[in-house]
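# Residue-level structural notes
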Amino acid sequence: MKRILCLLLVFALLGGLTVSVSASPVGFRVDAKAALLLDLNTGQTIYEQDADEVLYPASLTKIMTAILAIERGDLSDVVTASDEALTGLDPDGTTVWLTAGEKMPLEDLLYCMLLASANDACNVVAEYIAGSVSEFVDMMNEKAAELGCTNTHFNNTNGLPDEDHYTSARDLAIITQYAIQNPTFWEICTTTAYTVAATNVFDARMLVTTNSMTTTYKYYYYYDPRIQGVKTGFTDAAGRCLVSACRRQARTLICVTLNDRNDWADHSALYDYGFAGASDYEVPLPEQVCVQVEGGDVQEVRGYIREPPKLTAWYGVPPEYTVTAEIPPFLLAPVERGAEIGALIWRNGPVEIARTPLYAAKSVQVPDDTVQDSWFVRTIQRIRCMFNRLQPV
């Protein structure tokens with residue numbers, strides 16, 4: 001009973017530990033209709049301005065389109081563009097002039113989508129992944145709901161104007177935080193120039209990012225080598241939209257602005273504001289984590305961590321997180337002092353923000369006055385223990 005109570009107490013303490021957070025300075029606004037600045041690691045909001053207002057996302061939609069394609073497709077697959085996928089696109093929208101029957105690897109189509117913002121590539125990829133554009137759009141909405149987006153509904157793959165196609169700055173930050181933790185997505189969205197190899201129809205295509213904060217190709221004034229990705233967007237209905245990421249002081253922030261005529265300047269200003277408020281935050285540790293031990297001279301062993309994780313407090317506000325212990329149902333003696341016996345995991349919602357190993361605080365020996373050195377007896381004990389763990393507590 002003592003072992004059970006110890007474990008229940010630990011999980012009660014760890015599972016219920018939540019640190020509240022609030023954000024937004026007084027007297028600081030940007031030109032955007034909606035904006036949000038987010039700590040990539042912890043998901044903490046540093047600045048928000050009408051972040052839940054429902055607005056058109058324009059080509060920021062392609063963040064969701066791309067991450068779904070990366071997760072569900074094979075980058076080396078050669079995809080064939082169909083008439084159906086290319087029908088109905090706005091002739092004034094951005095394309096790479098794909099033609100029916102043209103064959104292109106999925107990886108190249110993703111570069112067309114994220115660098116050149118090609119609407120035609122989105123539909124071709126959607127049809128390849130889901131069999132039809134409409135089925136892929138259903139997948140986009142399912143993924144948004146899974147990630148916790150509450151003000152988002154997609155009705156196409158590319159963000160062309162549609163009254164039933166909308167999102168919010170907060171939801172886009174959630175989607176982006178998820179997407180850029182995928183190494184393939186991050187590599188593509190932070191690339192500034194890419195050459196698509198010649199296809200069965202066209203010669204090689206040279207792609208250059210549409211984000212002038214990450215390249216000097218068109219403009220130099222807003223270029224900042226610390227800013228990477230993620231996606232630009234524009235339609236008359238949506239205005240200028242931008243998602244970017246910036247790394248300074250070994251920290252990464254995500255910035256989202258919607259309908260912002262001064263988006264590049266506002267992103268620079270928001271990053272300056274955000275990083276100015278960064279300070280190290282050493283998380284408090286739980287008092288005790290115990291793991292049951294079978295066949296030893298004691299019934300449990302305490303776990304400890306060698307160094308607590310360091311997170312960031314923004315303007316003195318610590319991040320919101322929960323802590324859980326990842327430990328086995330039991331350990332078999334002997335257990336050496338300092339042996340790794342599990343881990344503590346810090347999360348913000350579903351996102352893991354820190355993990356550190358748990359080590360045994362002391363050694364656990366097999367008693368000398370027992371017959372547990374017998375291989376047969378120890379095997380029987382292990383089987384009995386496994387069955388005991390299946391019984392209700």
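Before going into details, it helps to say that this report is about the structure given with it. (Residues numbered from 1 in each chain as written. Predicted model: local features only at pLDDT ≥ 70, side-chain atom pairs only at ≥ 80, totals over all residues. Heavy atoms only, no water.)

Turning our eyes to something else, we now look at the sheet that holds strand E11 (residues 289-294). One open sheet holds the 6 strands; their spatial order is E14-E16-E17-E12-E11-E15, and the pairing between them is mixed. The outermost strands of the open sheet, each flanked by one partner alone, are strand E14 (322-326) and strand E15 (331-332). For strand E16 (residues 340-348) and strand E17 (residues 351-360), the ladder comprises 8 bridges, and the chain directions are antiparallel. Counted as the bridge partner of Asn348 is Val351 from E17. (Pairing = 2+ DSSP bridges. Helix = DSSP H or I, 4+ residues; strand = E, 2+ residues; numbered from the N terminus.)

Of all 11 residues in helix H7 (residues 169-179), 8 are buried; the element is thus mostly enclosed. Where H7 is concerned, the buried positions are Ala169, Asp171, Leu172, Ala173, Ile175, Thr176, Gln177 and Ala179. (Buried < 20%, exposed > 50% of the residue type's maximum accessible area, 1.4 Å probe, protein only.)

Another point: the layout of surface pockets. Its boundaries defined by the atoms lining it, the largest pocket holds a volume of some 620 Å³. Of all the secondary-structure elements, those providing two or more residues to the lining of the largest pocket are strand E6 (205-208), strand E7 (227-235), strand E8 (239-248) and helix H9 (263-276). (1 Å grid on protein atoms, 1.4 Å probe; cavity = no way out; pocket = protein on both sides within 12 Å on 5 of 7 lines; lining within 4 Å. Points joined across faces, edges and corners; volume = space filled by probe spheres on them.)

Here we come to the pairing of E7. Within E7, 7 of the 9 residues are buried, leaving the element largely enclosed by the surrounding structure. In terms of strand pairing, E7 meets E8 through 8 bridges, oriented antiparallel. When the bridges of E8 are listed, Thr235 appears paired with Gly239. Here E7 hands over to E8 after 3 residues, the two strands then running antiparallel side by side.

Further remarks concern empty space enclosed by the protein. Which parts of space are left empty comes out when a probe the size of a water molecule is rolled across the atoms. Counted according to the given criterion, the structure contains 3 cavities of 30 Å³ or more. Estimates place the volume of the largest cavity at around 70 Å³. Considering the residues around the largest cavity, the lining is formed by Leu114, Leu115, Cys189, Thr191, Thr209, Thr210, Asn211, Gly229, Val230, Lys231 and Thr232. Element by element, the count of residues in the lining of the largest cavity is highest for E7, at 4 residues. A breakdown of the residues in the lining of the largest cavity according to their chemical character gives 4 nonpolar, 6 polar and 1 charged. (Nonpolar A, V, L, I, M, F, W, Y, C, P; charged D, E, K, R; others polar.)

Put simply, helix H5 (residues 119-130) and helix H6 (residues 133-147) touch, their axes get as near as 8 Å, and they point 85° apart. Taken together, H5 and H6 sit at an angle that is classed as roughly perpendicular. Residue-level contacts link Asn123, Ala126, Ile129 and Ala130 of H5 to Val133, Glu135, Phe136 and Met139 of H6. (Axes fitted to C-alpha atoms, helices over the stretch in contact; angles between N-to-C directions. Parallel < 35°, antiparallel > 145°, perpendicular 65-115°, else oblique. Contact = heavy atoms within 4.5 Å.)

Keep in mind that most residues, glycine aside, have a negative phi and that most peptide bonds are trans. Of note, the bond from Gly229 into Val230 is cis; its omega dihedral lies within 30 degrees of zero at 5°. Summarising the element assignment, Val230 is placed in strand E7. Of the consecutive residues Ala333 and Pro334, the connecting peptide bond is found in the cis state with omega at 5°. Of note, Pro334 is situated in the loop between E15 and E16. Backbone geometry at Ser117 places phi at a positive 60°, although glycine is not the residue there. Tracing the backbone shows Ser117 in the loop between helix H4 (106-114) and H5. Ser117 gets classed as buried once you look at its relative accessible area, which sits at 6%.

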